[in-house]
Amino acid sequence: MAIELYSWATPNGHKVHILLEELGLEYRVHPIDIGNGDQFDPDFLKISPNNRIPAIVDPDGPGGEPLALMESGAILFYLAEKHGRFLPAEGQGRYRTMQWLMWQMGGLGPMLGQAHHFLQYAPEKIDYAQKRYANEANRLYGVLDKRLGESRYLAGDDYSIADMAAWPWTRYPERQNVERGDYPNFQRWFDEIAARPAVQRGVEVLAGLRQAAFDDKAKEILFGATQFQRR
Ligand SMILES: N[C@@H](CCC(=O)N[C@@H](CS)C(=O)NCC(=O)O)C(=O)O
């Protein structure tokens with residue numbers, strides 16, 4: 001039975017789109033236009049109580065019961081484990097994969113998200129915030145570059161869910177005040193993953209529906225008072 005995918009064409013969405021494509025799973029896409037406020041729809045909140053994409057419902061979850069999941073890292077972990085791919089079942093590689101997945105979820109994603117916010121979207125240009133997040137973005141690319149100077153992929157010799165989690169956040173370093181030429185090991189890894197057919201299909205999922213830039217209505221929904229209402 002097909003997985004129900006609730007998502008939008010953003011880095012956190014792309015992670016799951018890429019894994020679904022890599023695994024060759026059947027899935028049905030439900031667009032959640034976050035610039036239009038679809039993430040606050042009561043039906044979506046039942047699946048994703050944090051009003052964020054991505055989320056899935058697997059009709060064939062554990063115990064044969066449907067499983068609803070939010071949080072991209074949890075979805076990657078669940079699907080990789082269920083299908084026995086892109087996450088070693090045991091040994092050092094399993095924990096290295098989890099380490100780099102957690103690094104992406106707790107560090108790379110949130111910090112690059114703040115860099116995008118203060119460098120691209122914030123209505124006021126706040127010098128302190130811009131410098132802080134651009135510096136942090138460059139620090140994180142430095143960590144990535146060093147690791148990828150020692151290892152073909154983040155967790156070791158094999159491509160894993162840790163790479164699928166990190167890669168979508170690094171597609172446009174210029175938006176984070178990062179110069180890709182400063183990080184050659186990162187660039188080698190980036191190009192290798194970008195060449196994978198499943199990755200190319202994954203980033204196209206819902207891409208045609210997304211506007212190039214947020215308009216004023218979308219900015220109000222994403223960054224204004226709407227976001228902070230109690231639900
Ligand atoms: N930790 C969450 C973050 C998800 C997230 O921030 N999603 C964004 C799009 S990339 C979203 O849904 N934003 C809607 C909003 O801010 O209202 C995950 O990894 O799934």
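The structure presented is a predicted model; accordingly, all values stated were derived computationally and were not measured.

Draft legend 1. View of the domain arrangement of the protein chain. When the domains of the protein chain are assigned, the result is domain 1 (3-85 + 201-228) and domain 2 (92-195). Taken together, the contact between domain 1 and domain 2 spans 14 residues of the former and nine residues of the latter. The biggest single contributor to the side of domain 1 that touches domain 2 is helix α1 (residues 11-23), with six residues. Its residues assigned to classes, the side of domain 1 that touches domain 2 shows eight nonpolar, four polar and two charged.

Draft legend 2. The arrangement of the sheet that holds strand β3 (residues 55-58) in detail. Within the open sheet, the four strands sit side by side as β2-β1-β3-β4. Their pairing is mixed. Each end of this open sheet is capped by a strand with a single partner; those strands are β2 (27-31) and β4 (67-70). Put simply, the sheet's adjacent strands are angled 15° from each other on average, direction ignored. Inspection of the sheet shows strand β1 (residues 3-7) paired to β3 by three bridges, in the antiparallel sense. Each residue of the ladder has a partner; that of L5, found in β3, is I56. On top of the sheet, α1 reaches β1, β2 and β3; it is set at about 155° to β1, its chief contact.

Draft legend 3. Geometry of the packing of α1 against helix α3 (residues 72-83). The N-to-C vectors of α1 and α3 enclose an angle of 10°; their axes lie 9 Å apart at closest approach. As judged from the angle between their axes, α1 and α3 are roughly parallel. Along the contact surface, α1 presents N12, K15, V16, L19 and L23, while α3 presents S72, I75, L76, L79, A80 and H83. For the contact of α1 with α3, the per-class residue count stands at seven nonpolar, three polar and one charged.

Draft legend 4. How the structure looks around unusual backbone geometry. Residue P54 is bonded to the preceding I53 through a cis peptide linkage, with omega at 0°. Here P54 lies in the loop between α2 (42-47) and β3. Phi is positive for F86, close to 70°, though the residue is something other than glycine. With respect to the secondary-structure elements, F86 resides in the loop between α3 and α4 (92-121). Its identity is not glycine, yet L206 carries a phi of approximately 70°, on the positive side. Within the secondary structure layout, L206 lies in the loop between α8 (197-202) and α9 (216-223).

Draft legend 5. Geometry of the packing of helix α5 (residues 127-150) against helix α7 (residues 184-194). For the pair α5 and α7, interaxial distance at closest approach is 7 Å and the crossing angle is 75°. Compared by their axis directions, α5 and α7 come out roughly perpendicular. Residues Y141, L144, D145, L148 and G149 of α5 form the contact with α7, whose participating residues are N185, F186, R188 and W189. Counted by class, the contact of α5 with α7 contains five nonpolar, two polar and two charged residues.

Each value, and the rule that gives it
Residues numbered from 1 in each chain as written. Predicted model: local features only at pLDDT ≥ 70, side-chain atom pairs only at ≥ 80, totals over all residues. Domains from an automatic or database assignment. Contact = placed C-beta atoms within 7 Å. Helix = DSSP H or I, 4+ residues; strand = E, 2+ residues; numbered from the N terminus. Nonpolar A, V, L, I, M, F, W, Y, C, P; charged D, E, K, R; others polar. Pairing = 2+ DSSP bridges. Axes fitted to C-alpha atoms, helices over the stretch in contact; angles between N-to-C directions. Parallel < 35°, antiparallel > 145°, perpendicular 65-115°, else oblique.

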